[in-house]
Amino acid sequence: MDYTPVEIDDRLENDLRQLVRLAIAEDLDVAVDWTTIAMIDAERRGACEIVSRAHGIAAGIALTPWIIDEFDAELTTELLVDEGDAFTPGTPLVRLSGSARDLLTSERVTLNLLSRLCGIATITRCYVDKLAGTNARLYDTRKTTPGMRRLEKYAVRCGGGHNHRTGLFDGFLIKDNHLALGGSSESQDSAQLSPIEAAGRAVAMRGGMMNQLVAPSIVEIEVDRLDQMETVLSSGIDIILLDNFSLEDLRSAVSKRDAAAVPVELEASGNITIDTIADVAGTGVDRISSGALTHQATSLDLGMDWS
């Protein structure tokens, strides 16, 4: 049981190409690369390697040909590492050869994208390494850069993490705001929806059709107290998200789930850091989700070395 993972497919390619087109428009507007045209002969050929200046994990390397293609560049691309590979400073990741003008014009956009994706994969691997010896799996969130969600989630997978839902279309995730606003529409003062009522609605909708579309297969609900968790244990949902639970309460939640012998996975979330994730995993939860994988990742230092 899991959300659909982001893979190299038509949807990822479409997102990347749209992003590259926007990046090209930022750099060239409706003009040209004036400096390169003034300095570099049109017939000049050249070659370079994209080289890491830091330790990291490869992500986005396999997508480089699509980036170059959007420039309509006369360049040959040779991939020198595989996605998910660990590398050290000085490691060449991609070799580009062909038109010297095209090499220079495409340099910054290519580096920006690969640096961002490698940075996410690198921080993800650091978190994953902290889970060694436990059964917990690491998941991303929707705290992504607008327009880059599939790409950033793809980078999380390159780093060894798992993908939570890609978007609102991809699963039921009942949060506290849904409960607060889910009461009767007859009065603004109506009581909020209870977790068990909300779970029942989502489970019922999953079993039917909505606007001629098949409803998502996974139902998850967020709770912030142990008593809420107990009320929804046997409601037919798949995942209970334990939001900002203490370590003691996480252990209690796992114990109560195990005693009830129901096929529900428990997900810890909220203020998960590189310093706390090992302790959280040690409580016995099945899943840990962290927005830090994307919204706190820094771009890895990559550069172009010219041949």
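The following refers to the structure shown. On a predicted model such as this, the values are computed, not experimentally measured, just so you know. (Residues numbered from 1 in each chain as written. Predicted model: local features only at pLDDT ≥ 70, side-chain atom pairs only at ≥ 80, totals over all residues. Heavy atoms only, no water.)

### Some details on the nonpolar core
Our working definition: As used here, the term nonpolar core means buried Ala, Val, Leu, Ile, Met, Phe, Trp, Tyr and Cys residues forming a set that is joined through side-chain atoms within 4.5 Å. Burial classes follow relative accessibility: with a 1.4 Å probe on protein chains only, a residue under 20% of its type's maximum area counts as buried, one over 50% as exposed, and anything between as partly exposed. For helices the rule is a DSSP run of H or I covering at least 4 residues; for strands it is a run of E covering at least 2, with both sets numbered from the N terminus onward.
Ile240, Leu242 and Ile288 are the most contacted members of the largest nonpolar core, which totals 83 residues. If one sorts the elements of this core by residue count, helix α4 (residues 100–129) sits on top with 11 residues.

### Details of the packing of helix α1 (residues 10–28) against helix α5 (residues 149–158)
Which entries qualify depends on this criterion: Geometry is summarised by axes, namely lines fitted to C-alpha atoms with helices restricted to the contacting stretch, and by angles between N-to-C directions that run from 0 to 180 degrees. Comment on the angle field: the value is read as roughly parallel under 35 degrees, roughly antiparallel over 145, roughly perpendicular from 65 to 115, and oblique elsewhere. By the convention used here, residues are in contact when the closest approach between their heavy atoms is within 4.5 Å. By the convention adopted, Pro, Cys, Tyr, Trp, Phe, Met, Ile, Leu, Val and Ala count as nonpolar, Lys, Arg, Asp and Glu as charged, and the other residues, Gly among them, as polar.
As a packed pair, α1 and α5 sit with axes 8 Å apart at the nearest point and diverge in direction by 120°. Considering their axes alone, α1 and α5 lie oblique with respect to each other. Together, Arg11, Leu12, Asp15, Leu16 and Leu19 of α1 and Arg150, Leu151 and Tyr154 of α5 make up the contact between the two elements. Taken together, the residues of the contact of α1 with α5 break down into five nonpolar, no polar and three charged.

### Comments concerning the packing of aromatic side chains
Just so we agree on the cut-off: Stacked, tilted and edge-to-face are the three classes applied to pairs of Phe, Tyr and Trp rings, where Trp contributes its six-membered ring and a pair requires centres within 6.5 Å; stacked means planes under 30 degrees apart, edge-to-face means over 60, and tilted covers the rest. Only when the NZ of Lys or the CZ of Arg is both within 6 Å of the ring centre and within 35 degrees of the ring normal is a charge said to sit over the ring.
Applying the stated rule across the entire model yields zero aromatic pairs. Sitting over the face of the ring of tyrosine 139, arginine 287 holds its NZ or CZ atom 3.9 Å from the ring centroid.

### What about the pairing of strand β1 (residues 45–52)?
This is how it is decided: One bridge is not enough; two strands pair if DSSP finds at least two bridges between them.
Two elements, β1 and strand β5 (residues 92–99), share seven bridges in a ladder whose sense is antiparallel. Across the sheet, the residue bridging to glutamate 49 is arginine 95, located in β5. Where β1 lies against strand β14 (residues 302–306), five bridges are found, and the strand directions are antiparallel. In the strand pairing of β14, serine 52 is matched with leucine 302.

### Quick word on the sheet that holds strand β12 (residues 265–269)
Read from one edge to the other, the open sheet built from six strands follows the order β6-β13-β12-β11-β10-β7, with strand pairing classed as parallel. A strand with exactly one partner marks an edge of an open sheet, and here the two such strands are β6 (137–139) and β7 (172–174). Neighbouring strand axes in the sheet, compared pairwise and without regard to direction, differ in orientation by 25° on average. Pairing analysis gives four bridges linking strand β10 (residues 219–223) to strand β11 (residues 239–243), with the strands arranged parallel. Within β11, the residue paired with valine 223 across the bridge is leucine 242. Sheet strands touched by helix α9 (residues 247–260): β11 and β12. Its angle to β12, the strand with the most contacts, is close to 170°.

### So, the layout of surface pockets
Counted only if it meets this: Only protein atoms enter the 1 Å grid, on which a cavity is a set of points fitting a 1.4 Å probe that cannot get out and a pocket is an open set with protein on both sides within 12 Å along at least 5 of 7 lines, lining residues being those with an atom within 4 Å of a point. Grid points are joined across faces, edges and corners, and a volume is the space filled by probe spheres set on the points.
The space that makes up the largest pocket amounts to roughly 470 Å³. Thr141, Lys143, Lys175, Ser269 and Gly291 are, among the 23 residues lining the largest pocket, the residues nearest its centre. When residues of the lining of the largest pocket are traced back to their parent elements, those giving at least two are β11, β12 and α11 (292–295). Across the lining of the largest pocket, the residue classes break down as four nonpolar, 11 polar and eight charged. Empty space within the second largest pocket amounts to approximately 300 Å³. Along the wall of the second largest pocket there are 14 residues; nearest its centre are Phe172, Leu173, Ile174, His178 and Ala202. Secondary structure elements with two or more residues in the lining of the second largest pocket: β7, α6 (176–181) and α7 (195–206). At four residues, the largest contribution of residues to the lining of the second largest pocket is made by α7. Taken together, the residues that form the lining of the second largest pocket break down as nine nonpolar, three polar and two charged.

### Describing the sheet that holds β5
What the four strands build is an open sheet, ordered β3-β5-β1-β14; its pairing is antiparallel. With partners counted over all chains shown, the strands left at the sheet margins are β3 (75–79) and β14, one partner each. Ignoring which end each strand starts from, the neighbouring axes of this sheet average 20° apart. As judged from the five bridges shared by β3 and β5, these two strands associate in the antiparallel manner. Within the sheet, the bridge partner assigned to leucine 75 lies in β5 and is glycine 98. Packed on one face of the sheet, α4 meets β1, β3, β5 and β14 and runs near 150° to β14.

### Thoughts on α4
Our working definition: The length a helix should cover is 1.5 Å for every residue beyond the first. Note that the bend at a residue is defined as the angle between axes fitted to the seven residues ending at it and the seven residues starting at it.
For α4, with 30 residues, the first-to-last C-alpha span of 41 Å sits near the 44 Å given by 1.5 Å per residue. The axis of α4 is deflected most strongly, by about 45°, at glutamate 107.

### Regarding the side chain of serine 115
Relative to the assigned elements, serine 115 resides in helix α4. With residues near it in sequence (within four places) discarded, serine 115 still touches Ser299, Leu300 and Leu302.

### A short note on the packing of α1 against α4
Quick note on the threshold: Note on convention: the crossing is left-handed when the near helix lies turned anticlockwise from the far helix by less than a right angle, right-handed when the turn is clockwise.
Across the interface, α1 lies against α4 with an axial gap of 10 Å and an inter-helix angle of 130°. It follows that α1 is oblique to α4 by the angle criterion. As α1 packs across α4, the resulting crossing turns out to be right-handed. Taking contact as the criterion, the partners of Leu16, Leu19, Val20, Ala23, Asp27 and Leu28 in α1 are, on α4, Thr105, Arg108, Val109 and Leu113. In the contact of α1 with α4, the residues fall into seven nonpolar, one polar and two charged.

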